[in-house]
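Residue strings, one per chain:
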Amino acid sequence: MSTARRFVDQTLGTWGVLEAAFDMQLVVSELVTNAIRHGGGAAQLRLLSHETELACVVTDHSRTVPVAAAPDVFSEYGRGLRLVDALCSAWGWLSAGGSRKLVWAVITS
C-alpha cells in the first residue's frame, strides 16, 4: 500500500496538485485494498488529470461488482466505499472484458 501512496505523491507533485494528495491517497488505498481483498489482487493503478479533476483507476482480477456495505457501527470492515463516495465527485466500475474490472473514482480539486 505504501507503494501506491508514494505513486500518488510523486504523480500529483509532478502535476502541481499536491494539495489533493491526502484525499487521493485515501481513495487509492481503499480501492487497492478492495482489489486485493475482494478482486484477486490489484493488476494496475492509473492516475489521470483533466482540468480540475483527478481520477484514479484500479484494475483487478474479478468481475465482482463493488458494493458499499450497509452502515454498521460495530463492523471492523465495510466503510471503504462509503469513504470513497464521501471524498469523490463520482466513482463507479466497468467490466474490462474477460475476468477483470476497472474501479474508478474522481476527485475535483
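Residues numbered from 1 in each chain as written. Predicted model: local features only at pLDDT ≥ 70, side-chain atom pairs only at ≥ 80, totals over all residues. Heavy atoms only, no water.

Caption draft 1: Main features of the state of the cysteines. Counted according to the given criterion, the structure contains 0 disulfides. No disulfide involves Cys 56; its nearest neighbouring cysteine sulfur is the one of Cys 88, lying 6.5 Å away. We classify Cys 56 as buried; its relative accessible area is 0%. Taking relative accessible area as the criterion, Cys 88 reaches 10% and is therefore assigned buried. (Disulfide = S-S within 2.5 Å. Buried < 20%, exposed > 50% of the residue type's maximum accessible area, 1.4 Å probe, protein only.)

Caption draft 2: Up close: the layout of surface pockets. Quantified by volume, the largest pocket comes out at close to 400 Å³. Glu 30, Asn 34, His 38, Val 67 and Leu 81 are the residues nearest the centre of the largest pocket, which is lined by 23 residues in total. Where the lining of the largest pocket is concerned, the elements lending two or more residues are helix H2 (21-38), strand S2 (53-60), helix H3 (80-87) and strand S4 (101-108). A total of 7 residues in the lining of the largest pocket trace back to one element, the largest contributor, which is H2. Residue composition of the lining of the largest pocket, by class: 11 nonpolar, 7 polar and 5 charged. (1 Å grid on protein atoms, 1.4 Å probe; cavity = no way out; pocket = protein on both sides within 12 Å on 5 of 7 lines; lining within 4 Å. Points joined across faces, edges and corners; volume = space filled by probe spheres on them. Helix = DSSP H or I, 4+ residues; strand = E, 2+ residues; numbered from the N terminus. Nonpolar A, V, L, I, M, F, W, Y, C, P; charged D, E, K, R; others polar.)

Caption draft 3: Just the sheet that holds strand S1 (residues 42-50), in detail. As summarised here, the arrangement of the 4 strands in space is S1-S2-S4-S3, forming an open sheet in which the pairing is antiparallel. Single-partner strands in this sheet number two, and they are S1 and strand S3 (90-95). Adjacent strand axes in the sheet meet at a mean angle of 15°, parallel and antiparallel pairs treated alike. Direction of pairing for S3 relative to S4: antiparallel, over a ladder of 6 bridges. Across the sheet, Ala 90 pairs through a bridge with Val 106, a residue of S4. Against the sheet, helix H1 (residues 2-15) touches S1 and S2, its axis set at about 20° to S1. (Pairing = 2+ DSSP bridges. Axes fitted to C-alpha atoms, helices over the stretch in contact; angles between N-to-C directions. Contact = heavy atoms within 4.5 Å.)

So far we have only geometry, and geometry alone does not tell us how the molecule works.
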